[in-house]
Amino acid sequence: MSNARSDRPRRPAPPGAAPQRPGWPEVIAGLAAGAAAVVSLVLIPSEPLGPVAFGVLVASWSGVTGLFGFAVAAALRIRSLAAFNVRRTTGRWMLLGALWGLVALVVKGAVILAVTTLTGYAEDPQGMYYDAAGGGAVAFVLTVLFLAVLTPIGEEFLFRGVVATSLYRYGPVIGALGSSAIFAVFHGVNIILPAAFVVGLIAAEVMRRSGSIWPAVAVHAVNNAALPLLVLFTGFSGPA
């Protein structure tokens, strides 16, 4: 991998100028907006929609939540997308992001297996995604688009673009671990938490080293695409 860029020291901004990178105001505003969007989903009744439609709705909500949180954070003080590492990258880095996504997929699978073996806890809170992916051709396509495209973009923009970029001012270790822990907690205290931490950690480091959010999106997309593809090729309907 190439040398890190996004956590290098930057020259202080002139007095009165916009900050060159997000800070705690952006982190707090973005996470608060994201949390509000997550809570709002609870207000939508699932019964009238049915399991497939509700699963598709929930699949879209993570991406919407992330983009909403990012929009609030970006509108606060900073008018440059590049300050959040939203900048162009190379095909090589996108390929590396996808490859590291496969690494994350294997590692998180091993972590989940270890946790379930040691604790016996195997309840999967993402059962609605299996319902959506197995609900027919249209529902499957929408699930793939929402889980493997919209959600990686939205969540990476918020948790890596805003949170990790801000925390990297304290060094690469705190930036990666801190942003990954926050990302994991947003997935709830359940079996997905350690898996989210693994994906977040690898995505954060890929973003730091590439200097762009898009390879991190590739890491995330590969992991999220695994669920609907598993349903498509095996008919798996989720843990019992």
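Thresholds, definitions, all that
- Residues numbered from 1 in each chain as written.
- Predicted model: local features only at pLDDT ≥ 70, side-chain atom pairs only at ≥ 80, totals over all residues.
- Heavy atoms only, no water.
- Helix = DSSP H or I, 4+ residues; strand = E, 2+ residues; numbered from the N terminus.
- Buried < 20%, exposed > 50% of the residue type's maximum accessible area, 1.4 Å probe, protein only.
- Contact = heavy atoms within 4.5 Å.
- Lys, Arg positive; Asp, Glu negative; His and termini not counted.
- Charge placed at Lys NZ, Arg CZ, Asp CG, Glu CD.
- Core = buried A, V, L, I, M, F, W, Y, C linked by side-chain atoms within 4.5 Å.

*Asks:* Is there a simple way to think about the overall build of the chain in this case?
*Replies:* A tally of regular secondary structure across the chain gives 8 helices and 0 strands. The helix and strand sequence of the chain, counted from the amino end, reads α-α-α-α-α-α-α-α. Dimensions of the chain, computed from the C-alpha atoms along their principal axes, are close to 55 × 35 × 35 Å. Residues classed as buried in the chain amount to 45% of the 240 residues present. In the chain, the proportion of contacts linking residues at least 24 apart, taken out of those at least 6 apart, comes to 78%. In the chain, 15 positive and 9 negative side-chain charges are present, and the distance between their average locations comes to 21 Å.

*Asks:* Explain unusual backbone geometry here, please?
*Replies:* Negative phi values dominate among residues other than glycine, just as trans dominates among peptide bonds. In this structure, Asn-85 is a non-glycine residue whose phi angle is positive, near 65 degrees. Counting through the fold element by element, Asn-85 comes out in the loop between α2 (51-76) and α3 (91-119). Judged by relative accessible area, which is 0%, Asn-85 ranks as buried.

*Asks:* I would appreciate a short explanation of the nonpolar core in the present structure.
*Replies:* Of all hydrophobic cores here, the largest spans 35 residues; its most connected members are Phe-70, Phe-84 and Val-162. Those elements that provide at least two residues to this core are α1 (24-42), α2, α3, α5 (137-167), α6 (172-185), α7 (192-210) and α8 (214-234). Top contributing element to this core by residue count: α7, with 8 residues. Beyond its immediate stretch of four places on either side in the chain, Phe-70 contacts Leu-81, Phe-84, Val-86, Phe-157, Leu-158 and Val-162. Among the nonpolar cores identified, the runner-up in size contains 13 residues, and Ala-59, Trp-61, Tyr-129 and Phe-140 belong to it.

Everything listed here is a matter of geometry and, on its own, says nothing about what the molecule does.
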